[in-house]
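# Observations on chain architecture
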Amino acid sequence: MATALADPSPEQLQSIRATLASPQRLKTEVLAGLVVALALIPEAIAFSIIAGVDPQVGLFASFTMAVTISIVGGRPAMISAATGAVALVIAPLVRSHGVNYFVAAVILAGVFQIVLGLAGVAKLMRFIPRSVMVGFVNALAILIFSAQVPELINVPWMVYPLTALALLIIFGLPKLTKAVPAPLVAIIILTLVAAVAAIKVPTVGDKGELPHSLPSFFIPNVPFSLETLQIIFPFALAMALVGLLESLMTAKLVDDVTDTRSPKGREAWGQGIANIVTGFFGGMGGCAMIGQTMINVKASGGRTRISTFLAGSLLLVLVVAFGGLVSQIPMAALVAVMIFVSVATFDWHSIRPSTLKMMPKSETAVMLATVLVVVATHNLAIGVGVGVLVAMVLFARRVAHLVRVERSVSGDNDGGTATYTVTGELFFASSNELYTQFEYAHDPRHVVIDLAASHVWDASTVASLDAIAEKYRHHGKDVQVTGLNEASAAMRRRLGGKLGGGH
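What comes next concerns the included structure. (Residues numbered from 1 in each chain as written. Predicted model: local features only at pLDDT ≥ 70, side-chain atom pairs only at ≥ 80, totals over all residues. Heavy atoms only, no water.)

The subject of this paragraph is the environment of His446. Within the secondary structure layout, His446 lies in strand β5 (residues 446-456). Since its relative accessible area comes to 33%, His446 is described here as partly exposed. The sequence separation of His446 and Ser362 amounts to 84 residues, and the corresponding C-alpha distance is 41 Å. Excluding its chain neighbours within four sequence positions, the residues that come into contact with His446 are Gly415, Gly416, Thr417, Ala418 and Asp478. A distance of 2.9 Å separates the side chain of His446 from the side chain of Asp478, its partner in a polar contact. (Helix = DSSP H or I, 4+ residues; strand = E, 2+ residues; numbered from the N terminus. Buried < 20%, exposed > 50% of the residue type's maximum accessible area, 1.4 Å probe, protein only. Contact = heavy atoms within 4.5 Å. Polar contact = N/O pair within 3.5 Å; in protein donor to acceptor, adjacent residues only side chain to side chain.)

Where nonpolar side chains cluster on the molecular surface, the patch consists of Phe171, Val343, Trp348, Ile351 and Leu356 and spans about 430 Å² of accessible area. Structurally, Trp348 is set in the loop between α16 (331-345) and α17 (353-358). The partly exposed category is assigned to Trp348, whose relative accessible area is 46%. (Patch = residues over 30% accessible without salt bridge, like charges linked within 9 Å, V, L, I, M, F, W, Y side chains within 5 Å. Areas by Shrake-Rupley, 256 points an atom, 1.4 Å probe, with all protein chains shown as cover. Salt bridge = Lys/Arg side-chain N within 4 Å of Asp/Glu carboxyl O.)

So, about the pairing of β5. Two strands pair when backbone bridges link them, and strand β4 (residues 417-426) and β5 are joined in this way by 9 bridges, in the parallel orientation. Looking at β5, one finds that Glu425 is bridged to His455. For the crossover that starts at β4, traverses helix α20 (residues 428-434) and ends in the parallel β5, the hand is right-handed. Pairing analysis gives 5 bridges linking β5 to strand β6 (residues 478-482), with the strands arranged parallel. Pairing of His446 across the sheet is with Asp478, part of β6. (Pairing = 2+ DSSP bridges. Right-handed = clockwise from strand over helix to strand, strands pointing away.)

For helix α5 (residues 55-72), which comprises 18 residues, the first-to-last C-alpha distance of 26 Å matches the rise-based estimate of 26 Å (1.5 Å per residue) to within 8%. Across the 18 residues that make up α5, a large majority, 16, are buried. The backbone nitrogen of Gln56 has a side-chain oxygen 3.0 Å away, supplied by the residue at the start of α5, namely Asp54. (Expected span 1.5 Å × (residues − 1).)

For the pair helix α9 (residues 159-176) and helix α10 (residues 182-196), the least separation of the axes is 8 Å and the interaxial angle reads 150°. As α9 runs across α10, the sense of the crossing is right-handed. Together, Leu162, Leu165, Ala166, Ile169, Ile170, Leu173 and Pro174 of α9 and Ala182, Pro183, Val185, Ala186, Ile189, Leu190 and Val193 of α10 make up the contact between the two elements. Tallied by class, residues from the contact of α9 with α10 come to 14 nonpolar, no polar and no charged. (Axes fitted to C-alpha atoms, helices over the stretch in contact; angles between N-to-C directions. Left-handed = near helix turned anticlockwise from the far one by under 90°. Nonpolar A, V, L, I, M, F, W, Y, C, P; charged D, E, K, R; others polar.)

By size, the foremost hydrophobic cluster in this structure holds 113 residues, and its most contacted members are Ile41, Phe102, Phe136 and Met284. Among the elements that take part in this core, helix α4 (residues 23-51) stands out by supplying 12 residues, more than any other. In terms of nonpolar packing, the next biggest core, distinct from the first, is built from 21 residues, Tyr420, Leu426, Tyr435 and Val447 among them. (Core = buried A, V, L, I, M, F, W, Y, C linked by side-chain atoms within 4.5 Å.)

Two side chains of opposite charge can pair, provided their charged atoms sit close to one another. This model, assessed by the stated rule, comprises 5 salt bridges. Note that Asp255 is salt-bridged to Arg75, the shortest N-O span being 2.5 Å. Linking Asp255 in helix α11 (residues 226-258) with Arg75 in the loop between α5 and β1 (80-81), this pair joins segments that are 180 residues apart in sequence. Taken individually, Asp255 and Arg75 each receive the classification buried, so the pair is uniform in this respect. One connected set of salt bridges, linked through shared partners, spans Arg75, Asp255 and Lys264.

Listed below in structure tokens is the structure:
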């Protein structure tokens, strides 16, 4: 009996069959999908404007992306839809060549993502340090918050009390009950208040006209030629890489939030399939959306593919069948929801004085570099790339200084031997300094370099060893390198004496 009453495990919460068998959990998934669908509408319209296309292109893309990824994706409960990052990448192509080339690029980007997913690109996630991940999350929270600021500037004064009321509901209601998602309650109450009191504030309808028909199959009217490929290739590749990076980073974040694991390879090629489907319905393509994903997972309790599927399905129903009602939702309600998401997403622990004091300065530098670049460029891919690069440089610098060289001399200068014991990892950053650690002029005729406590990682180290030996020979002394492990010895045999240059 105790087992039957026990709380379900995180894995069981992801089970569609178990969710369908539980009215309570099914209600949570349905309401989570509804909240996300409402939040997606103004975002999709805004991203369409950024890309330079009709609002229905972004709305239909959000529908097809969410529904498709709910079936083929690897991360349950993660929301994929039209995104700002993809819009920024693809906008120049829309301006220069029009919608048909733009849709062709979306389809090609999907093909690239499938190829990269099957090639195992998701495995590269292991090389993204935790400090970059923290920077990614914090930067995203800042971008989500900053995107709401324009909605609070030069607006009727009633926007402010309505936003405050929505925030009070969103933060306060969960302390009383979690039966209904607080963001949904806030959206309904603010819409009723604005309608009953006839309060004139910006609404969803002000963002753009909602579509009145269903999406239809679309084949881009472009020449099937090498010239077309040359035009769309760079945009498609950039879109594929940006989309995969954001999606895989978001999937990893959801893994942490839900205490579960997901197949990242499947998520990668699933994103590709979703973009191909979206392209053939005339959509603008997209990727995972961390803001809407956090609404689904953190704010609303969504855990399965059901909430993702319903987010896309209900989005289409809302804009086509209930467009008149949806267009009356005050933007203040959705702004409050996104402010809550930004607060919930930010890793506040990472900036506590006690944490900053405890963390190595290099880790903090990597986190700050990631945040600053993302916020400055509004491009998560560039920020993560810079963060990883900074982490690599600082790691190499730190490891390089861990190499120690100890010298001992036995006998006199004529018959004696100088032994150098090298400890640490030898690669380009450390081996360049290795050359300067020897007493070439003052050592006895025989010199032994003991590398038993070291490992030779690259050609730079082999070249340094050659240069050291050559300089000793120039002083009329012989050098013996000992203690090489099998891999290091093999590398030295293969490259030794063949690199030239020296110092």
